[in-house]
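# Observations on chain architecture
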Amino acid sequence: MKKFLPLLLTFVFISLYSVAQTNRILIVPQPVSMEIHSGNFKFTPHTVIIAGIKEKHEAQMLNLFLKRLYGFSLPVKAKSTAKEPNTILLSLLKSDTAKAAYNLEVTSNKITISSAGNEGIFYGIQTLLQLLPPISLNANSQASINANHTFLIPQLSINDYPRFGYRGMHLDVGRHFFDVNFIKKYLDYMAYMKFNNFHFHLTEDQGWRIEIKRYPRLTSVGGFRNGTIIGRYPGVGNDSIRYGGFYTQAQIKEIVKYAADRFINVIPEIEMPGHASAAIAAYPELSCFPDEATFIAPTTPWAGSRDGKQVQQTWGVFDDVFCPSEYTFKFLENVLDEVMQLFPSKYIHIGGDESPKTEWIRSAFCQQLIKDKGLTDEHGLQSYFIQRIEDYLNSKGRKIIGWDEILEGGLAANATVMSWRGEEGGIAAARQKHDVIMTPGTYVYFDHSQSKNEDSVTIGGYLPLDSTYNYEPIPKELNADEAKYVLGAQGNVWTEYIKNSQKVEYMIFPRMSALSEVLWSPKKNRDWTKFTSSIEDIFKRYHQWKANYSTAYYDLQSTLLPTPEFNGVYLKLESKFPNSVIKYKIGDTSQVWKTYDTILFVNSSEKIESYLEVNSIKSSVQTKNFLFNKATGKKITINEQPAPNYPGNGAFTLVDGIITTKGLSQSSDWLGFLGKDMDADIDFGVPTNIQNVSVNTLDQSGSWIYLPKEIDIAVSDDGITYTPLTTKVLDPIKDKGARKITLPAKVTTRYLKVVAKNSGIIPANLPGAGSPAWLMVDEIEVN
């Protein structure tokens, strides 16, 4: 990832620094209302905090943040003794207003933060901190300010409260583990932007991350894997490095306390009945087939033994799930007993997602249990599983949250649903009068690429900053009575391809700031133009926090277009900034950068690099590697339209000369067909001699993407009547992982039809079983 170096500014202060000098006040998330008055408050290292016993904690937190961000703390005095003229008064009021609401009043000699709850005072403190300049501390965590420095804060009045009660951020520590220090830093980021729920994803197929004293093998065995695949799934190798880690119960208590000090509730997730490979590796009796070794495909890059139950080393969905036996239920109850002792949250997340039914189908025990309980099928069995766990947690005074798959087979009585596969699950749950937390991948999955020029491997998808900012958590399909069941929303960070804390930061920022306004600020206050006009100042705040972040918002926008004569490709470069300059060069590194002023015509294999400059900012360099063939730039039509979430650039995507090397992280380079065939007609313009045809596709079963089952080639002289030329039937084993599928096609023709047949409904023994397969195609080559 590229850090945003042009904004690493050195702040030099003279005797006064005024927020007003910037001609705007930037508070993210923006408050409900704010009135600016004439005059200023002089904030100095000698300003006194006035707080009583009830506000003592918030005074300590204010000083903690001041020390960390500005290198000094303020004197604190009790309300009854303080008469200083230059003060910050923290005032807990007797009021019927919401505990998270606050008022912040700045006059010439006093700042007052008042609320009916300590939580509200804490949020007022976060707003106050944003009225101070984003100073960068040096390597010794000291700022270049002294006792004579004064910050001028404009006199103002702020009335503020959150739109949603649930404002969440999630972090997956199962795929990759992050130490306690980073978890605390993550919680600080949440506090700065007024998030109040941390979804702590603690167990996965690739690692169990929480100490359970009754079951020590969960961490000694389940907490480590013998290696990890290299590159994007299915992987090009295995690093053969033993990897893992876990949090002791003492560390969990430390994290929970740290979060509570910041008014953040920690919701633990213990996955069930699926995503359980690590637990089963530790205690095979949890499986329906404890004596069978973990299934590992022969083509899977693997380190170490393949015998017995194994912690997974690759990503995806795995068939070996918890068996719904009395042994399993007792095990989970014992685990949850220890979890509940550590987490005071009223919610316990139990997963419930992506749980294949393959093992339950072939298990005589499960089939008999379905009959004994009068269940309809394996989906009913999952509902029975979830409801049993819910009953147990309810008996302990807790409630469950599950992913939207818990709707299948019937929803547990008191369950809260996290809607991730779009908004449909949330809509259905709200209509059943169940609480809902919206977390659809299209808007809030921060592991998705935020740039079309992503410079590191991601899981795929494309989620730009504006998509997150413009998200509306209450679906229009819900009426007013149903909408009240939407508690809020949450940003999710899955870590298959996020190995370190710097990349976590890179993936969440600035999208987390955008989400904070979605969840806190009134809908009518949200203003995309205003938000983006302040993006440089937001980046300065990240720098103050010593956080990494993405500058994808400044990316150059490029579009590939057919030419009128269909004799090449147009490359159109654009900037969203009117005062920017676009630079480009064609060829190797020795070429000179030129200023772009008109669309570029490309008619041969070339490498074209480009970037933009705006103010003091230089965007990342975008590279287009054109590989021309006889189909490139030709007229093309498709007879089945792709799915709305993978539209690419229409049919032209298949002949634009670009073959992506980054899988789905370059999702705009793909056409995606869900359960449908790709059927394309290419017009060469004149009879053309060809030798072969290649279809560039993707095999990524963990994402339910499969190779076509067959490719057919046909030719025509008139573009109406086609004659079949050649067919290739693919072997799911022999051809697995194929990137380019080539068919001989020695013929002279003007029109060419290429049909890639979707593999159809996914078989029972594969990820996504029972659902339509995805077919992904990014280029047709003709040579």
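For the structure itself, consult the block above.
Reading the values: the criteria
Residues numbered from 1 in each chain as written. Predicted model: local features only at pLDDT ≥ 70, side-chain atom pairs only at ≥ 80, totals over all residues. Heavy atoms only, no water. Helix = DSSP H or I, 4+ residues; strand = E, 2+ residues; numbered from the N terminus. Rg over C-alpha atoms; globule rule 2.2 N^0.38 Å. Buried < 20%, exposed > 50% of the residue type's maximum accessible area, 1.4 Å probe, protein only. Contact = heavy atoms within 4.5 Å. Areas by Shrake-Rupley, 256 points an atom, 1.4 Å probe, with all protein chains shown as cover. Lys, Arg positive; Asp, Glu negative; His and termini not counted. Charge placed at Lys NZ, Arg CZ, Asp CG, Glu CD. Salt bridge = Lys/Arg side-chain N within 4 Å of Asp/Glu carboxyl O. Pairing = 2+ DSSP bridges. Axes fitted to C-alpha atoms, helices over the stretch in contact; angles between N-to-C directions. Core = buried A, V, L, I, M, F, W, Y, C linked by side-chain atoms within 4.5 Å. 1 Å grid on protein atoms, 1.4 Å probe; cavity = no way out; pocket = protein on both sides within 12 Å on 5 of 7 lines; lining within 4 Å. Points joined across faces, edges and corners; volume = space filled by probe spheres on them. Nonpolar A, V, L, I, M, F, W, Y, C, P; charged D, E, K, R; others polar.

The secondary structure content of the chain amounts to 18 helices and 36 strands. Taking 783 residues into account, the globule formula puts the C-alpha radius of gyration at 28 Å, and the chain, at 29 Å, falls close to it. Dimensions of the chain along its principal axes, counting C-alpha atoms only, are 95 × 75 × 50 Å. For the chain, the residues scored as buried account for 60% of the 783 residues in total. Considering only contacts in the chain between residues 6 or more positions apart, those separated by 24 or more positions represent 73%. If you sum the accessible surface of the chain, you get close to 30,800 Å²; carbon and sulfur atoms cover 52% of it. Taken as two groups, the 81 positive and 82 negative side-chain charges of the chain have centres that lie 7 Å from each other.

What follows covers the pattern of salt bridges. A full pass over the atoms with the stated rule returns 35 salt bridges. The shortest N-O distance in the salt bridge between Glu-292 and Arg-362 comes to 2.5 Å. Pair noted here: Glu-292 is in the loop between helix H6 (277–282) and helix H7 (326–342) and Arg-362 is in helix H8 (residues 358–362), with a separation of 70 residues, a long-range link. Judged by relative accessible area, Glu-292 falls into the partly exposed class, the value being 33%. A salt bridge links Glu-482 to Arg-431, with the shortest nitrogen-to-oxygen separation between them at 3.9 Å. Placement of Glu-482 in helix H14 (residues 480–483) and of Arg-431 in helix H11 (residues 424–431) is noted, with a sequence separation of 51 residues between them. Salt bridges sharing common partners tie together Arg-163, Glu-472, Lys-523 and Arg-526.

Moving on, we get to the sheet that holds strand E25 (residues 600–602). The sheet built from 3 strands is open, its strands ordered E21-E22-E25 with antiparallel pairing. Whereas interior strands pair on both sides, the edge strands pair on one side only; in this sheet they are strand E21 (557–562) and E25. Neighbour-to-neighbour, the strand axes of this sheet turn through a mean angle of 25°, independent of strand direction. Relative to E25, strand E22 (residues 569–574) is paired through 3 bridges, and the arrangement is antiparallel. Its bridge partner being in E25, Tyr-570 is matched across the sheet by Phe-601.

Our next topic: the nonpolar core. Core analysis: the largest hydrophobic core is formed by 203 residues, its most contacted members being Phe-200 and Tyr-247. With 9 residues, helix H3 (residues 180–192) is the largest single contributor of residues to this core. If near-sequence neighbours (up to four positions away) are discounted, Phe-200 is found in contact with Leu-171, Val-173, Ile-183, Tyr-247, Ile-252, Ile-255, Val-266, Ile-267, Pro-268, Glu-269 and Phe-343. Ranked by size, the runner-up nonpolar core spans 10 residues in total, among them Tyr-166, Ile-267, Ile-401 and Trp-494.

What follows is about empty space enclosed by the protein. Counting across every chain of the model gives 3 cavities of 30 Å³ or more. In this model, the largest cavity occupies a volume close to 70 Å³. Lining the largest cavity are Leu-69, Tyr-70, Gln-126, Leu-129, Gln-130, Tyr-192, Arg-541, Gln-544 and Trp-545. Mapped onto the lining of the largest cavity, the elements with two or more residues apiece are helix H1 (56–70), helix H2 (118–130) and helix H18 (535–544). When residues of the lining of the largest cavity are assigned to their parent elements, the largest contribution, 3 residues, is made by H2. Residue classes in the lining of the largest cavity are distributed as 5 nonpolar, 3 polar and 1 charged. Approximately 30 Å³ is the volume attributed to the second largest cavity.

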